[in-house]
Amino acid sequence: MTFETFLFVLAGGLVLGALYALMATGLAVVWTTLGIFNFAHGAFITFGAYLAWQVSQTEAGNAGYFAGAAAAVAGLFITGVIFHLALVRPFERKPNVVLLSVITTLAGATILENAIDLVWGPRSKQLAPMVPGDATFFGVTTSKNQILMIVLVLIILAAVGAFLRYSATGRAMRAVAQNREAAELMGLDVPKLYAGAFGLSAAIAGLAGLFVGSIHFMTPSMGTDPLMKALLVVIFGGVARFTSPIYAAFVVGLVEAFSTYYVGLYWTPAVLFGLMIVVLIVKPEGLFGKYERSV
Amino acid sequence: MSTVPLLELQHLSGGYEPVQIFRDVDLVIAHGTSTGLFGPNGHGKTTLLRTVSGVIDPWSGNILFEGKQLNRPGERGRRRSRNLNYDVFTRRRMNPKNVARAGLIHVAQGNLLYRELTVRETLGIAPIAARGRGEPGDLTEKALRLFPRLSERMNQKVRFLSGGERQMLSVACGLIAAPRLLILDEPTLGLSPKLRRELADAIQAIKADGVPLIIVDQDVDFLKSLIETLYLFDHGRISGRIERADMPSHEEIMRMLFGEVHS
């Protein structure tokens, strides 16, 4: 393996890592606030990509990339709130809400995927890159699109992190996550904060969909694999801090890139899940600490 | 205005489905007076207060705060089957958010607060209940003067605080919420005598500031110094009402509740 190949694989791994970080962070926002896993997160990614495509790249709408991103964020926020009200809220006071919401969100994901299939058809589509052309660093050529994507992902993650850390609403979301009853007694509007966290998570998924759609093909089932990887990242890295799934995402992305090169494409998922099992045996709370949110 | 009591409970019953904990509680708290609740452990004092602040739904009866009804009137909807999800069909009969925002603040028993938030962040959440009621200014300064220990701990996470400090933080949060009526459920539970005195002094200061209290405690002598009326609570009912003038000592109360055996 030459140094150039190494850098090439490394760049690929970083791109994957950035994507996974965005997906996993969205998933972690719901997991740490509501205490449930949202299996519709993958379908949210798909829906975001299709919404952006509809607004920015078709005959009917070619309002440009920015409008596409805005449509994905706004549309997915609303979708997230609706999903929460219809699929999670009715079971909120049940003791087995975690299990119930696995099934209901899975059902929601299937319905949303099929709806996308009905509306836009199964033919694969692609979002044009945000910026055309390639750039060369140290003899490695990557598309400018991917570099811009990594930068944007980091900016988005920093913004979400700052929102949770410093804004009053973010602080309230963290408080509700840790002690719902104390938050209620202090006059916080818990149902609204739950719906907001779900909407925020879905909006992040919508942006992730926009990026996935610009480097892979879009199909109605394009969200399945990212959901798998996001789950892997969240369990693998833990959610002790806002940053833990982000680190874990880059680890998973790099492992995936190198494993694809050395072990082969078909065995890469096995490598990743095998690695996750080993990590969980040694460190059950995840690589970066406990299943409890601090920031 | 003066004829409308601050808080009035009419025939209030409640509990944790399907177990009834307290029944037919009638209680009137006049403006500007503080009330004590005294009774053995496990007889429903905390459940009653949790119902008043809306954490759990009342089964029947009314909760009136400054003349405004806090719960939806009427009997609770009965669950006729264990197999149906009644949460979907029955609306909550109370909303703790509205209770807190009306100014009825409940500092829960053994409140664990938010483990991973810092003291500063926790105090930052507290004024939310006071907003929108046009309460004057920020009371955080005042609360910190009352509990100087907390200002040394501003950047620590709540889970690193001692039990006493956490209790102080709970009471401080209650104070910052600008209560019209402050419920303190066993604020001195499990504290050392020294911390107990410190907290008792702070509660005295809160009362001296004109905040009416409902306070639950096992120490009658501590209650005596704070309240005008004492309600005895026994087996889910109010079994007696004593004015401050003829408030007995700890031993006498024990006799009243348990008979001669325990004296």
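As a reminder, the structure under discussion sits directly above these lines.
Attention in this report is confined to the structure presented alongside it. (Residues numbered from 1 in each chain as written. Chains lettered and ligands numbered in written order. Predicted model: local features only at pLDDT ≥ 70, side-chain atom pairs only at ≥ 80, totals over all residues. Heavy atoms only, no water.)

It is worth spelling out the overall build of chain A at this point. Within chain A one finds eleven helices and two strands. Taken from N to C terminus, the helices and strands of chain A fall in the order α-α-α-α-β-β-α-α-α-α-α-α-α. Structurally, chain A occupies a C-alpha span of about 60 × 50 × 35 Å along its principal axes. Relative to its 295 residues, chain A shows a buried fraction of 55%. Within chain A, contacts between residues at least 6 apart in sequence are counted, and of these 74% link residues at least 24 apart. Accessible surface, chain A: about 12,600 Å² in total, of which carbon and sulfur atoms supply 71%. Distance from the positive charge centre (16 side chains) to the negative charge centre (13 side chains) of chain A: 8 Å. (Helix = DSSP H or I, 4+ residues; strand = E, 2+ residues; numbered from the N terminus. Buried < 20%, exposed > 50% of the residue type's maximum accessible area, 1.4 Å probe, protein only. Contact = heavy atoms within 4.5 Å. Areas by Shrake-Rupley, 256 points an atom, 1.4 Å probe, with all protein chains shown as cover. Lys, Arg positive; Asp, Glu negative; His and termini not counted. Charge placed at Lys NZ, Arg CZ, Asp CG, Glu CD.)

Another point: the overall build of chain B. The helix and strand inventory of chain B stands at ten helices and ten strands. Over its C-alpha trace chain B gives a radius of gyration of 19 Å, about what one expects of a compact globule, namely 18 Å for 263 residues. Each principal axis of the C-alpha distribution contributes one length, and for chain B these read about 55 × 50 × 40 Å. When the 263 residues of chain B are sorted by exposure, 54% land in the buried category. Summarising the internal contacts of chain B: among those between residues at least 6 apart in sequence, 68% fall at separations of at least 24. Counting every atom, chain B has about 12,100 Å² of accessible surface; 50% of that belongs to carbon and sulfur. Put simply, chain B has 36 plus and 30 minus side-chain charges, and the middle of one group is 7 Å from the middle of the other. (Rg over C-alpha atoms; globule rule 2.2 N^0.38 Å.)

Let us now look at a nonpolar patch on the surface. On the surface, Y261, Y262, V263, L265, Y266 and W267 of chain A cluster together to form a nonpolar patch covering roughly 820 Å² of accessible area. With respect to the helices and strands, the residue V263 of chain A is situated in the loop between α10 (244–262) and α11 (268–282). (Patch = residues over 30% accessible without salt bridge, like charges linked within 9 Å, V, L, I, M, F, W, Y side chains within 5 Å. Salt bridge = Lys/Arg side-chain N within 4 Å of Asp/Glu carboxyl O.)

This next bit is on the side chain of S60 of chain B. Within the secondary structure, S60 of chain B sits in strand β4 (residues 58–65). Here S60 of chain B is in contact with H11, L12, S13, G74 and E75 of chain B, once residues within four sequence places are set aside.

Turning next to the pattern of salt bridges. Residues and elements named next belong to chain A. One pass over the structure, following the stated rule, counts 22 salt bridges over all chains. Between R180 and E92 there is a salt bridge, and its shortest N-O distance comes to 3.5 Å. Placement of the pair is R180 in helix α7 (residues 180–185) and E92 in the loop between α3 (65–88) and α4 (97–120), with a sequence separation of 88 residues. Take R180: its relative accessible area is 28%, and that puts it in the partly exposed class. Residues participating in the shared-partner salt-bridge network are R89, E92, R180 and E184.

All right, on to the packing of helix α5 (residues 144–166) of chain A against helix α6 (residues 168–178) of chain A then. The axes of two packed helices give the description: the angle between them and the distance between them. Residue and element names in this part refer to chain A. Contact geometry for α5 and α6: axes closest at 5 Å, N-to-C directions at 75°. On the basis of the axis angle, α5 is roughly perpendicular to α6. Residues F163, L164, R165 and Y166 of α5 pack against A168, T169, G170, R171, M173 and R174 of α6. When grouped by side-chain class, the residues that make up the contact of α5 with α6 number five nonpolar, two polar and three charged. (Axes fitted to C-alpha atoms, helices over the stretch in contact; angles between N-to-C directions. Parallel < 35°, antiparallel > 145°, perpendicular 65-115°, else oblique. Nonpolar A, V, L, I, M, F, W, Y, C, P; charged D, E, K, R; others polar.)

Right, let's talk about the nonpolar core for a bit. In terms of nonpolar packing, the biggest core is built from 141 residues, with L22, F44 and L188 of chain A together with Y114, L123, L169 and L230 of chain B touching the most fellow members. The element best represented in this core is helix α1 (residues 3–34) of chain A, accounting for 15 residues. If you look at the next biggest cluster of nonpolar residues, it comprises 25 residues, including L27, L48, V52 and A102 of chain B. (Core = buried A, V, L, I, M, F, W, Y, C linked by side-chain atoms within 4.5 Å.)

In this section: the interface of chain B and chain A. At the junction of the two partners, chain B supplies 31 residues and chain A supplies 23 residues. Looking only at chain B, the three residues that lose the most surface to chain A are D87, Y114 and E116 of chain B, adding up to 22% of its buried area. In this structure, the connection of chain B to chain A is made through four salt bridges. Remark: the boundary between chain B and chain A carries nine residue pairs in polar contact (both at pLDDT 80 or more). Of all the elements in the fold, those that place two or more residues in the side of chain B that touches chain A are α2 (86–89), α3 (96–102), β6 (104–107) and α4 (119–125) of chain B. At four residues, the largest contribution of residues to the side of chain B that touches chain A is made by α3 of chain B. Classifying every residue of the side of chain B that touches chain A gives 16 nonpolar, six polar and nine charged. (Buried area = accessible area lost by both parts, 1.4 Å probe. Polar contact = N/O pair within 3.5 Å; in protein donor to acceptor, adjacent residues only side chain to side chain.)

Residues and elements named next belong to chain B. Here we have four strands laid out as an open sheet, ordered β2-β1-β4-β5, and antiparallel in their pairing. Each edge of the open sheet is held by one strand with a lone partner, namely β2 (19–29) and β5 (68–69). Examined bridge by bridge, β4 and β5 share two bridges and lie antiparallel to one another. Among the inter-strand pairings, L64 is bridged to a residue of β5, identified as Q69. The sheet strands contacting helix α1 (residues 45–52) are β1 (7–16), β2 and β4, and the helix crosses β1 at an angle near 115°. (Pairing = 2+ DSSP bridges.)

As a further point, take the pairing of β1 of chain B. Residues and elements named next belong to chain B. In this sheet, β2 lies alongside β1 in antiparallel orientation, the contact comprising seven bridges. Paired with L9 across the two strands is L27, which belongs to β2. Connecting β1 to the next strand, β2, in antiparallel fashion are two residues. Sheet topology places β1 next to β4; six bridges connect them, and they run antiparallel. Residue pairing for β4: L7 is matched across the bridge by F65.

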